[in-house]
Amino acid sequence: MATTQETIQAPVRETTPLAFDVKRLREDFPILKQKVHGKPLIYLDNAATSQKPAQVIEAILRFYTHDCSNVHRGVHLLSERATETYEGTRTKIQRFLNASDSREIVFVRGTTEGINLVAQTYGRQNFKLGDEVVITGMEHHSNIVPWQIICAEKGAFLHVVPINDRGELMLEEFEKLLNVRTRLVAVAHVSNALGTINPVRRIVEMAHARGVPVLVDGAQAVPHMKVDVQELGCDFYAFSGHKVFGPTGIGALYGKAELLEAMPPFQGGGDMISSVTFEKTIYNVIPYKFEAGTPNIADVYGLGAALDYVGRIGLANIASYEHALLSYATEAIQQIPGVRIIGTAREKAGVISFVLEGVHAHDVGTVLDREGIAVRTGHHCAQPVMDRFGVPATVRASLAFYNTKQEINALAAGIQRVKALFG
Ligand SMILES: Cc1ncc(COP(=O)(O)O)c(C=O)c1O
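What you see is a predicted model, and the numbers here were worked out from it, not measured in a lab. (Residues numbered from 1 in each chain as written. Predicted model: local features only at pLDDT ≥ 70, side-chain atom pairs only at ≥ 80, totals over all residues. Heavy atoms only, no water.)

Side note on the overall build of the protein
Each helix and strand in the protein was counted, giving 15 helices and 17 strands. By the compact-globule yardstick of 22 Å for 423 residues, the protein fits well, its C-alpha radius of gyration being 22 Å. Overall size of the protein, expressed as C-alpha extent along the three principal axes, is 75 × 55 × 40 Å. Within the span of the protein, comprising 423 residues, buried residues form 57% of the whole. Considering only contacts within the protein whose residues lie at least 6 apart along the sequence, 72% involve residues at least 24 apart. Carbon and sulfur atoms provide 54% of the accessible area of the protein, an area that totals close to 17,500 Å². Mean positive and mean negative side-chain charge positions of the protein (42 and 44 charges, respectively) differ by 3 Å. (Helix = DSSP H or I, 4+ residues; strand = E, 2+ residues; numbered from the N terminus. Rg over C-alpha atoms; globule rule 2.2 N^0.38 Å. Buried < 20%, exposed > 50% of the residue type's maximum accessible area, 1.4 Å probe, protein only. Contact = heavy atoms within 4.5 Å. Areas by Shrake-Rupley, 256 points an atom, 1.4 Å probe, with all protein chains shown as cover. Lys, Arg positive; Asp, Glu negative; His and termini not counted. Charge placed at Lys NZ, Arg CZ, Asp CG, Glu CD.)

This is the structure in structure tokens:
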């Protein structure tokens, strides 16, 4: 079977993204029409959060103006409608990730909460003194700190797979870290700081060969490529709605049914129970066991609309277009004297992290902002990556399918302007 990377690359090699009508798609995003400091907004901070199409905004509005009610509890029509959309979105996520069962989809606030859920339930139940958890040197803090917390509590150890100078995982080192004490591997599908696409399927095979489950942080993967959790073979997969053109405050955790069933609840409260007495509480079935309290129903509406929207464009088309745009941007930026790109992996998604000789990243970001260009500067919640490359911070331009070559040209011109100002 093809690896995920091959699956992503296939359309890029075989098709030219000519039919991709960016101009038309941009019309769906009201925010992109605005001016910033008198210049047209050029939004290149998509890895932090992506912009929302009108369809998503309208879906949230529809909930509050038409369906507003609580889910699972009412016999009245509004509650039925809300429950239908809520559970319908769960099924959309199941299809989006190609999970085999909608019971394997748990609504969470986002990737961070999904990872913490696994650490605090699976980790608390299964880790013990002397056990080991393996993460990688390119993780977002969200896929480091939850493991540090539970490891400290249990007396377990965290091991880190090193990365090479291109920003790729050193798989031979990963292999050496796996042993009889390894209880879990947690890895980013795509690095937010470097753009590296990790060979998750291979990682899962290596871990599973030793009976070790794998959690994948999919925050930066789902907006850019088709994800198939069954093909990847991973045990858990977490993502955030706001990175995939949906609202903030909503995301999903995929977990294999047999694992979710064996795990204790994350939080206690309404909806996660099937019966309560003062003597004994019986928990609800999955996935409700993990969804205590009134959920973020309005944003579930929005997330459902976002997945429909992305589905209509097609993730293969998005991947293909962005791959071409990333090549164009890399070429344009790396030829500017004084620029050093951090993260030059052979398999990359739409992130260009760079430093400019003699100018602090923050100053680059500030000057670009005056040009209407939104980029992120700093450590991108991945301080160990900055340490690995010996830089305090980078400038990060991160792409979405609504970005254009003209915007990349403006970015390159903006960097030249920074050089002129600080040179
Ligand atoms: C790779 C990665 N993991 C996890 C997260 C955390 O996502 P959230 O803040 O939406 O929970 C991010 C956010 O930037 C990320 O890029």
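Structure shown, so let's carry the discussion forward.
A closer look at unusual backbone geometry
For residues other than glycine, phi is negative in most cases, and the peptide bonds are mostly trans. For the bond from I286 to P287, the omega torsion is 0°, close enough to zero to count as cis. Within the secondary structure, P287 sits in the loop between β12 (281-283) and α11 (297-313). Phi at H380 takes a positive value of approximately 60°, unusual for a residue other than glycine. Mapped onto the elements of the fold, H380 is located in the loop between β16 (376-378) and α14 (383-389). The class for H380 is buried, based on a relative accessible area of 6%.

Overview of the packing of aromatic side chains
Tallying each qualifying case throughout the model produces 14 aromatic pairs. Plain terms: the ring middles of F401 and Y402 are 5.5 Å apart, the flat faces sit at 65° to each other, and that makes the pair edge-to-face. The exposure classification of F401 matches that of Y402, with both residues buried. Grouped by ring-pair contacts, the aromatic residues F29, F245, Y309, F401 and Y402 constitute a single cluster. Lying over the aromatic face of F96, K226 brings its terminal NZ or CZ to 5.8 Å of the ring centre. Here the basic side chain of R388 rests over the ring of F389, its NZ or CZ set 5.1 Å away from the ring centre. (Phe/Tyr/Trp six-rings, centres within 6.5 Å; stacked < 30°, edge-to-face > 60°. Lys NZ or Arg CZ within 6 Å of the ring centre and 35° of its normal.)

Brief notes about the packing of helix α13 (residues 361-370) against helix α15 (residues 405-422)
At a closest axis distance of 9 Å, the pairing of α13 and α15 adopts a crossing angle of 120°. Compared by their axis directions, α13 and α15 come out oblique. Judged by the sense of rotation from one axis to the other, the crossing of α13 with α15 is right-handed. Between α13, through D363, V364, V367 and L368, and α15, the contact on the second element is made entirely by L411, G414, I415, V418, L421 and F422. Classifying every residue of the contact of α13 with α15 gives eight nonpolar, one polar and one charged. (Axes fitted to C-alpha atoms, helices over the stretch in contact; angles between N-to-C directions. Parallel < 35°, antiparallel > 145°, perpendicular 65-115°, else oblique. Left-handed = near helix turned anticlockwise from the far one by under 90°. Nonpolar A, V, L, I, M, F, W, Y, C, P; charged D, E, K, R; others polar.)

So, the sheet that holds strand β10 (residues 251-255)
Taken in spatial order, the seven strands of this open sheet run β4-β10-β9-β8-β7-β5-β6, and their pairing is mixed. With partners counted over all chains shown, the strands left at the sheet margins are β4 (105-108) and β6 (157-161), one partner each. Mean inter-strand twist for the sheet, computed between neighbouring axes without regard to direction, equals 20°. Pairing of strand β5 (residues 132-136) with strand β7 (residues 182-188), which is carried by three bridges, proceeds in the parallel orientation. When the sheet's bridge partners are listed, V134 is paired in β7 with V185. (Pairing = 2+ DSSP bridges.)

Some thoughts on helix α6 (residues 145-154)
Count 3.6 residues to each turn of an α-helix, and residues three or four apart come out pointing the same way. When we look at burial in α6, the residues that qualify are P146, W147, I150 and C151. The arc enclosing the buried residues of α6, seen along the axis, measures out at 125°, which places them on a common side. Residues of α6 that are buried sit in contact with α5 (111-126), β5, β6, β7 and β8 (214-217). Among the residues trailing α6, G155 stands out with phi positive, at a value near 75°. (Arc of directions from axis to C-beta.)

A closer look at the environment of V385
Residue position: V385 is located in helix α14. It is 39 Å that separates the C-alpha atoms of V385 and G88, two residues lying 297 residues apart in sequence. Once residues lying within four places of it in the same chain are set aside, the contact partners of V385 are G137, M138, A193 and L194.

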